[in-house]
Amino acid sequence: MNPNLLPLLVLVLLLLPLIWLTGLYNLLVKLRNQCREAWSNVDTELKRRYDLIPNLVATVKGYTKHEHDTLEKVIHARNVAAASTGSPSSQAKDENVLISMLRQLYAVAERYPVLKADQHYLQLQSELVNTEDRIQAARRFYNGNVRDFNTRLEVFPSNLVAGMFRFDREDYFEIETAAESSATRISI
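Basis of the calculations
- Residues numbered from 1 in each chain as written.
- Predicted model: local features only at pLDDT ≥ 70, side-chain atom pairs only at ≥ 80, totals over all residues.
- Heavy atoms only, no water.
- Helix = DSSP H or I, 4+ residues; strand = E, 2+ residues; numbered from the N terminus.
- Rg over C-alpha atoms; globule rule 2.2 N^0.38 Å.
- Buried < 20%, exposed > 50% of the residue type's maximum accessible area, 1.4 Å probe, protein only.
- Contact = heavy atoms within 4.5 Å.
- Areas by Shrake-Rupley, 256 points an atom, 1.4 Å probe, with all protein chains shown as cover.
- Lys, Arg positive; Asp, Glu negative; His and termini not counted.
- Charge placed at Lys NZ, Arg CZ, Asp CG, Glu CD.
- Phe/Tyr/Trp six-rings, centres within 6.5 Å; stacked < 30°, edge-to-face > 60°.
- pLDDT = per-residue confidence, 0-100.
- Expected span 1.5 Å × (residues − 1).
- Arc of directions from axis to C-beta.
- Axes fitted to C-alpha atoms, helices over the stretch in contact; angles between N-to-C directions.
- Parallel < 35°, antiparallel > 145°, perpendicular 65-115°, else oblique.
- Left-handed = near helix turned anticlockwise from the far one by under 90°.
- Nonpolar A, V, L, I, M, F, W, Y, C, P; charged D, E, K, R; others polar.
- Patch = residues over 30% accessible without salt bridge, like charges linked within 9 Å, V, L, I, M, F, W, Y side chains within 5 Å.
- Salt bridge = Lys/Arg side-chain N within 4 Å of Asp/Glu carboxyl O.

Looking at the overall build of the protein chain
Within the protein chain, the secondary structure is distributed over seven helices and zero strands. Starting at the N terminus and ending at the C terminus, the protein chain contains elements arranged as α-α-α-α-α-α-α. The C-alpha atoms of the protein chain give a radius of gyration of 25 Å, which is well past the 16 Å a tight globule of 188 residues would have. Taking the principal axes of its C-alpha atoms as reference, the protein chain extends roughly 95 × 25 × 25 Å. The proportion of buried residues among the 188 residues of the protein chain is 38%. In the protein chain, 79% of the contacts between residues at least 6 apart in sequence involve partners at least 24 apart. Carbon and sulfur atoms provide 57% of the accessible area of the protein chain, an area that totals close to 10900 Å². Of the side-chain charges in the protein chain, 22 are positive and 22 negative, and the distance between the mean point of each set is 2 Å.

Structure below.
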């Protein structure tokens, strides 16, 4: 072996692990940022829903005089969900309550045939159903990114790099039951 190549060989042996470590670290940062971006998409759709709900409640309120408690519960659940800024799993709990209250609101609306025919109500209801579909799509995309990131944190050898740089698992955004996770649909 040529003695002049020995320093070059040592340099290569030192640089290869450093290059590998840098590449793996950058991949983990990229995956974490994709999770955060996907969560912001979910958050945007949730805010869209929160903006639609008061309009829907106001429309229903105009037709229903005796349903004050239900309408107040919907607004309260909406306010709690809109103010929730914790982890995706804690926000999911507030979303579950809101979904339940929206179902009660739709049950109230079903009892008023004139309301069900109101054009403004139908438009708001359609927008809300569309938003629910968009929330579900954003949630699936976010959870897919979380799955990829969390898997990368757990597999060898990236788990060593993740531990070294203190990468933490991301939370899934999950709705409790399959019935609650489906978009709210109303028969008209």
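Some thoughts on the packing of aromatic side chains
All chains considered together, the criterion is met by five aromatic pairs. Ring geometry for F149 and F167: centres 6.4 Å apart, planes at 65°, overall edge-to-face. Here F149, found in helix α5 (residues 119–154), pairs with F167, found in the loop between α6 (158–164) and α7 (178–181); they are 18 residues apart in sequence, far enough to count as distant. As far as the burial class goes, F149 and F167 line up, both buried.

A short note on unusual backbone geometry
P157 follows F156 through a cis peptide bond whose omega is 5°. With respect to the helices and strands, P157 occurs in the loop between α5 and α6. Backbone geometry places R166, a non-glycine residue, at a positive phi of 60°. Inspection of the secondary structure puts R166 in the loop between α6 and α7. Classification of R166 as exposed rests on a relative accessible area of 73%.

Details of the confidence of the model for the protein chain
The pLDDT averaged across the protein chain works out to 89; a share of 93% of its residues lies at or above 70. This model gives residues 178–182 a pLDDT under 50, and the stretch forms nine contacts once residues within four places in sequence are excluded.

Observations concerning helix α2 (residues 68–83)
Here α2 contains 16 residues, and its C-alpha end-to-end distance of 22 Å stays within 8% of the 22 Å for a straight helix at 1.5 Å per residue. Of the residues making up α2, those classed as buried are T70, L71, V74, A77, R78 and A81. The arc that holds every buried residue of α2, seen down its axis, measures 125°, which confines them to one face. Turned more than 90 degrees from where α2 packs its buried face, D69, H76 and A83 sit exposed. For α2, the secondary structure elements touched by its buried residues are α1 (6–63) and α3 (88–110).

Quick word on the packing of α1 against α5
Packing of α1 against α5 brings their axes to within 8 Å, and their N-to-C directions diverge by 160°. The orientation of α1 with respect to α5, classified from their angle, is roughly antiparallel. Our pair here, α1 against α5, has a crossing hand that is left-handed. In the contact of α1 with α5, the residues fall into 23 nonpolar, nine polar and 10 charged.

Focus: a nonpolar patch on the surface
On the surface, L5, L8, L11, V12, L15, L16, L18 and I19 cluster together into a nonpolar patch covering about 720 Å² of accessible area. What makes L5 partly exposed here is its relative accessible area of 43%.

So, the environment of F156
As for its position among the elements, F156 is in the loop between α5 and α6. In sequence terms F156 and I99 are 57 residues apart; their C-alpha atoms lie 40 Å from each other.

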